[in-house]
Every structure is written in C-alpha cells, then in structure tokens.
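Topology and contacts: notes
Given next are the chains, with one letter for each unit.
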Amino acid sequence: MRHLLSVDDLTIDTATELLDEAERFEQALMGREIRKLPTLRGRTIMTVFYENSTRTRVSFEVAGKWMSADVINVSASSSSTSKGESLRDTAKTLRAAGADALIVRHPASGAAHQIAQWTWEDGTGPSVINAGDGTHEHPTQALLDALTLRQRLGSLAGRRIAIVGDVLHSRVARSNAHLLATLGAQVVLVAPPTLLPVGVETWPVEISHSLDAELAAVDAVMLLRVQAERMNGGFFPSAREYSIRYGLSDRRSALLADHAVVLHPGPMLRGMEIGFSVADSSKATVLQQVSNGVHMRMAVLFTLLVGTESEGPA
Ligand code: CP
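This one's a predicted model, so the numbers in the text were calculated from it and none came from an experiment. (Residues numbered from 1 in each chain as written. Predicted model: local features only at pLDDT ≥ 70, side-chain atom pairs only at ≥ 80, totals over all residues.)

Quick look at the nonpolar core
Spelled out, the test is: Note on terminology: a nonpolar core is any set of buried Ala, Val, Leu, Ile, Met, Phe, Trp, Tyr and Cys residues joined through C-beta atoms within 7 Å. Partly exposed residues are those whose C-beta has more than 12 but fewer than 20 other C-beta atoms within 10 Å; 20 or more makes a residue buried and 12 or fewer makes it exposed, with C-beta atoms placed from the backbone. The helix count covers DSSP runs of H or I at least four residues long, the strand count covers runs of E at least two residues long, and both are numbered beginning at the N terminus. Note that domain bounds follow an automatic or database assignment of domains. Two residues qualify as being in contact provided that their C-beta atoms, derived from the backbone, are within 7 Å of each other.
Of all hydrophobic cores here, the largest spans 90 residues; its most connected members are L102, I103, A146, I163, V164, V221 and M298. The greatest single-element share of this core, amounting to 7 residues, is contributed by helix α11 (residues 286–305). Both of domain 1 (7–136 + 290–305) and domain 2 (139–288) provide at least three residues apiece to this core. Setting aside residues up to four positions removed in sequence, L102 forms contacts with M46, V48, A91, L94, I115, T119, P126 and V128.

Structure (structure tokens):
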C-alpha cells in the first residue's frame, strides 16, 4: 500500500491486517515506562491540517513520536497558505523539504487524492494519508472505530451497527459504512431524510428514520457529530428536534441490549447528540476510540513507510 486515501483501498484482508498490527503496537507498548520504538527512526512525517482537529492531529503526532519519527506540524493559518500559496505549491514544497509521509486534512473532498497525484514524481514521493477531506472520507477514523468494535464485540461479522445523525455532512459515516460492510457487519443509517446524501441508496446499508425502532436490535450505536460548519448557518431539523428524535438520551440508551456499545468520533455535543450520562457510561467507548486512534495510526504509518513484509513491533 502506498497511500491511504479511502477505505475503498482496503480489502477484508488488508483491513484485518491493519487491525491486527494496531493491536501488536498496543501490546508492544503496554506497561512500558518510556513509550518509544525505533521503528521509524530517520523518517519525516508532516501533518498538514487546513481544518481544526484535536484527536486526529494529536494521535498522528503521538504515533509518529512513539515510533521515533521526526514529526512536523503544518497548519494553514501559520503557513504560507495565508499569503496565498496554492495547495499544489505547498504540497510540492513539503515533498522537496523531505516529507516521507503527508497526513492531510482539508475542507475539499478529494484534496488528499489530488496531493498524492501532485507529489508523486519520477517513481517516488511521500505516502499520503487522508485525515479527513470535506464530506468525503476519514479512513483512519473508520479503522480505529472498527478496532474498538472488534475489541468490545469480538468479530464484526453479522453484527448490526446503527450510524446515527448527520450522515449528509459526515466523512466518518461514509468511511465507516463502507469499511464495516467490508468487515461483514450489517449497517443501518438512522437519519432524517434531509440529512442523507444523494446516492446513499448505492451504499451497502439499510436506511431508517427512527432511532427508537432500531435500538433494541443493534450491537452498537455510532453517533455522528452535527457538522454545523458545513450547514451555512442553519439546518433542518432544528437542533431541538434533532436532539429529540436522534439524540441518544439517557432514557433511550436504556433500550439498548446489555452488550451493546455507544461510539462517538468526537468532538461530542453533549445534551444534543448524546446524553450527559451516556457519554460517561460504561457503554461509551469514546476514550477507548482515542487510545485506539494512536495504535491504529502507528499501524498505518508502519504499513505505508516500512511495509508488512518487514518485521513488526512484536
Ligand atoms: N474524530 C475526529 O476527527 O476528531 P478531530 O476533528 O478532533 O480530529
């Protein structure tokens, strides 16, 4: 694998190998006072973020540092982008400065694909990882979510997972729906018709408009963040109606099976998308998702920069 741009790049075998690799990194670091492996010594990783982030940017930086890579963070506001430099020139500049990997977040769908094309020259170039492009994809989020589900539920084959809320603006929903289906899960999107994208009928999912009707039968509920920044100042249904119909309130979470778990990619809007108590309950996997994000990003960086044929962390 040269880049990770989309979950469509992953088969059940390559996705499962990444999940296994992430667990090997978790095991390799467990109980260590100093969490440092020599795996990527001498490699240079650059995070290039044109949108805000806490979890994704930090976990890539931690992952790189725990593998002894040099990690450089580039943000739009502090780079020459603010002086009018084009995305193409910035990408080529970072390649020329020695990037072995570019981790890209950008508001435009397809930006990471485009950067991968621009920076591949004469048979070489950095590995490009899509850390979220517009409303399109967020493949490492889907991988860390799959890892969390596998740890909490065992195999994903045949498990029923509800993805709930603002599917229309969510790159997390698209990546998760496709990856979970690849891994054998049954996915049901639960959303108002106004927050479903055109073409959703081609996704490998069922569609429901009633959260209450789905809760008793699912093994996991994956709540989505309402992407207000992509809604031009308003959305339908209203925030209050959204909360009433699609929020996983404390009352609603009582309808879940005992074994069922609740995921949220963060940042959470407590009281709207998720009840205050649910977010901190033993059913919620929110912080486990964050920890898994570091191990999964270690696995992705290792696989792209070193390759699966080399000796791993075990
Ligand atoms: N889940 C996620 O992408 O969070 P951040 O925006 O904080 O990176």
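Once the structure has been displayed, the description carries forward.
Brief notes about the UniProt feature "binding site: carbamoyl phosphate" (unreviewed entry) in the protein chain
Inclusion rule: UniProt positions are given in the numbering used here, feature names are shortened, and annotations may be inferred rather than shown by experiment.
As recorded in UniProt, the sites labelled "binding site: carbamoyl phosphate" (unreviewed entry) are R55, T56, R105, H138, Q141, G266 and P267. Mapping H138 onto the fold places it in the loop between β4 (127–133) and α5 (139–153). With 25 C-beta atoms packed within 10 Å, H138 lands in the buried category. Residues contacting H138, with those up to four places away along its chain left out, are G132, R171, V172 and S175. Among the secondary structure elements, Q141 is positioned in helix α5.

Focus: α11
An α-helix turns once every 3.6 residues. As a result, residues three or four positions apart point the same way. Applicable threshold: Here a helix's expected span is defined as the number of its residues, less one, multiplied by 1.5 Å.
In this model α11 runs 28 Å from its N-terminal to its C-terminal C-alpha over 20 residues, within 8% of the 28 Å that 1.5 Å per residue would give. Two residues or fewer past α11, G307 is found with a positive phi of approximately 100°.

A few points about the site of the ligand
Operational definition: What makes a residue near a molecule or strand is its C-beta atom, placed from the backbone, lying within 6 Å of it. Note on residue categories: nonpolar means Ala, Val, Leu, Ile, Met, Phe, Trp, Tyr, Cys or Pro, charged means Asp, Glu, Lys or Arg, and polar means any other residue, Gly included.
Inspection of the region around the ligand gives S53, T54, R55, T56, G132, Q141, P265, G266 and P267 as its neighbouring residues. Class assignment for the residues of the shell around the ligand results in 2 nonpolar, 6 polar and 1 charged. Summarising the domain contributions, the shell around the ligand has at least three residues from each of domain 1 (7–136 + 290–305) and domain 2 (139–288).

Section: the sheet that holds strand β2 (residues 70–75)
Applicable threshold: A pair of strands is labelled paired if DSSP reports no fewer than 2 bridges between them. For helices, the fitted line uses only the C-alpha atoms of the stretch in contact; every axis is such a line through C-alpha atoms, and the angle between N-to-C directions lies from 0 to 180 degrees.
Spatially, 4 strands are ordered β2-β1-β3-β4 in an open sheet, and the strand pairing comes out parallel. In this open sheet, the two edge strands, each paired with only one partner strand, are β2 and β4. Strand-to-strand twist in this sheet, taken as the mean axis angle between neighbours without regard to direction, amounts to 15°. Relative to β4, strand β3 (residues 101–106) runs parallel, the two sharing 5 bridges.

Here we look at the sheet that holds strand β7 (residues 206–208)
Reading across the sheet, the 5 strands line up as β7-β6-β5-β8-β9 and stay open at both edges, with parallel pairing between neighbours. Of all strands in the sheet, those with a lone pairing partner are β7 and β9 (261–263), marking the two edges. Between one strand axis and the next, the sheet turns through 25° on average, direction left out of account. Here strand β5 (residues 160–164) pairs with strand β6 (residues 186–190) via 5 bridges, running parallel. By the bridge assignment, A162 is partnered in β6 with V188.

Regarding unusual backbone geometry
Here the amide bond leading from G266 into P267 is cis, since omega sits at -10°, within 30 degrees of zero. Its identity is not glycine, yet S68 carries a phi of approximately 70°, on the positive side. Inspection of the secondary structure puts S68 in the loop between α2 (55–66) and β2. The backbone of D122 shows a phi angle near 50°, a positive value even though the residue is not glycine.

Digging into the environment of W118
Mapped onto the secondary structure, W118 falls in helix α4 (residues 111–119). When the 18 C-beta atoms within 10 Å are taken as the criterion, W118 is described as partly exposed. What W118 contacts, discounting residues up to four positions off in sequence, is R88, A91 and K92.

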